[in-house]
Amino acid sequence: MDTLLISGSTRSGSTNTAALRTVHALAPPELDTAIFDGLAALPAFNPDDDHEPLPAPVARLRAAVHDADALLFCTPEYAGALPGAFKNLLDWTVGDADPRSISGKPVGWLNVAGPAAPSGGADAHASLARVLGYVGAHVVEDACLRLPLTRDAVGDDGLVGDEVARAAALGALRALRDAARPES
Ligand SMILES: Cc1cc2nc3c(=O)[nH]c(=O)nc-3n(C[C@H](O)[C@H](O)[C@H](O)COP(=O)(O)O)c2cc1C
């Protein structure tokens, strides 16, 4: 069971990326995870380029999605919406006609917008839910969590130290596993 972890932030000290790095570091062997680190390399989506041979960074994204049983996102909110770079990534998933595309795959998100964020990242996540519905992904409610984190929640090791947040994040991973393989 492989879950692809995709951060919506390109910031080097990103809290969102740290949350997913923590999930990756703590996931037990039966909940294998892979981090997608190619967000910043993706070209601006252009339908004219959405054909074989795809731009290499797009081919890499799609291969990572194809290899995954489920996807877990963690994105900041910018100006009441999804960050442009992350929306761009999602746009590149829309035209993927491969049977292993995101359509039908279990997906969830961790919303780690800080406690001081006015809307708690709600607008970005409403938009994310809409986009994921559009691409036909299976949004797993138990894998969609609000886990407010401040920037100092990330330790020198680059991981989120808070035990409650760690346990909740791993719970989201398990919910995705249960949705992907209900029999296991
Ligand atoms: C340009 C910009 C716009 C932002 N707009 C919002 C916003 O509309 N709502 C919100 O809750 N936070 C907003 N923020 C705060 C970010 O979501 C917050 O800094 C978050 O920690 C960034 O995620 P990161 O640590 O993963 O980079 C904004 C930050 C930036 C840089």
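For the structure itself, look to the data block above.
Below is a summary of the structure that appears in this document. Just so it is clear, the model here is predicted, and its values are computed rather than measured.

1. Here's the deal with the site of the ligand
By nearness alone, 13 residues border the ligand, and Arg11, Ser14, Asn16, Ala79 and Gly80 come closest of all. Separating a nitrogen atom of the ligand from a backbone N or O atom of Ala79 is a distance of 2.8 Å. For the ligand, the protein covers 64% of the area, taking 630 Å² as the surface of the free molecule. Among the detected pockets, the ligand sits in the largest pocket. Here the residues of the shell around the ligand are counted per class, giving four nonpolar, six polar and three charged.

2. Description of the nonpolar core
Phe73, Leu89, Ile102 and Leu132 are the most contacted members of the largest nonpolar core, which totals 28 residues. At the level of elements, β1 (2–7), α2 (56–67), β3 (70–74), α3 (84–94), β4 (106–111) and α4 (122–134) are the ones that each hand at least two residues to this core. Each residue touching Ile102, except ones within four places of it in the same chain, is listed here: Val65, Leu71, Phe73, Thr93, Val107, Leu132, Val135 and Ala137. Counting residues in each nonpolar core, the second largest holds 23 residues, with Leu5, Ala19, Leu147 and Ala175 among its members.

3. Here's the deal with the pairing of β4
Of all six residues in β4, six are buried; the element is thus mostly enclosed. Burial along β4 is two-sided: Pro106, Gly108 and Leu110 facing one way and Val107, Trp109 and Asn111 facing the other are all buried. Relative to β4, β3 is paired through three bridges, and the arrangement is parallel. Each bridged residue has a counterpart across the sheet, and for Leu71 the counterpart in β4 is Val107. What joins β3 to β4 is α3, and the crossover it makes is right-handed. Two strands pair when backbone bridges link them, and β4 and strand β5 (residues 138–146) are joined in this way by five bridges, in the parallel orientation. Bridge pairing in β5 links Leu110 to Leu145. After leaving β4, the chain enters α4 and then returns to the sheet as β5, a path that is right-handed.

About the criteria used
- Residues numbered from 1 in each chain as written.
- Predicted model: local features only at pLDDT ≥ 70, side-chain atom pairs only at ≥ 80, totals over all residues.
- Heavy atoms only, no water.
- Near = heavy atom within 4 Å.
- Polar contact = N/O pair within 3.5 Å; in protein donor to acceptor, adjacent residues only side chain to side chain.
- Areas by Shrake-Rupley, 256 points an atom, 1.4 Å probe, with all protein chains shown as cover.
- 1 Å grid on protein atoms, 1.4 Å probe; cavity = no way out; pocket = protein on both sides within 12 Å on 5 of 7 lines; lining within 4 Å.
- Sits in = over half its atoms within 2 Å of the grid points.
- Nonpolar A, V, L, I, M, F, W, Y, C, P; charged D, E, K, R; others polar.
- Core = buried A, V, L, I, M, F, W, Y, C linked by side-chain atoms within 4.5 Å.
- Buried < 20%, exposed > 50% of the residue type's maximum accessible area, 1.4 Å probe, protein only.
- Helix = DSSP H or I, 4+ residues; strand = E, 2+ residues; numbered from the N terminus.
- Contact = heavy atoms within 4.5 Å.
- Pairing = 2+ DSSP bridges.
- Right-handed = clockwise from strand over helix to strand, strands pointing away.

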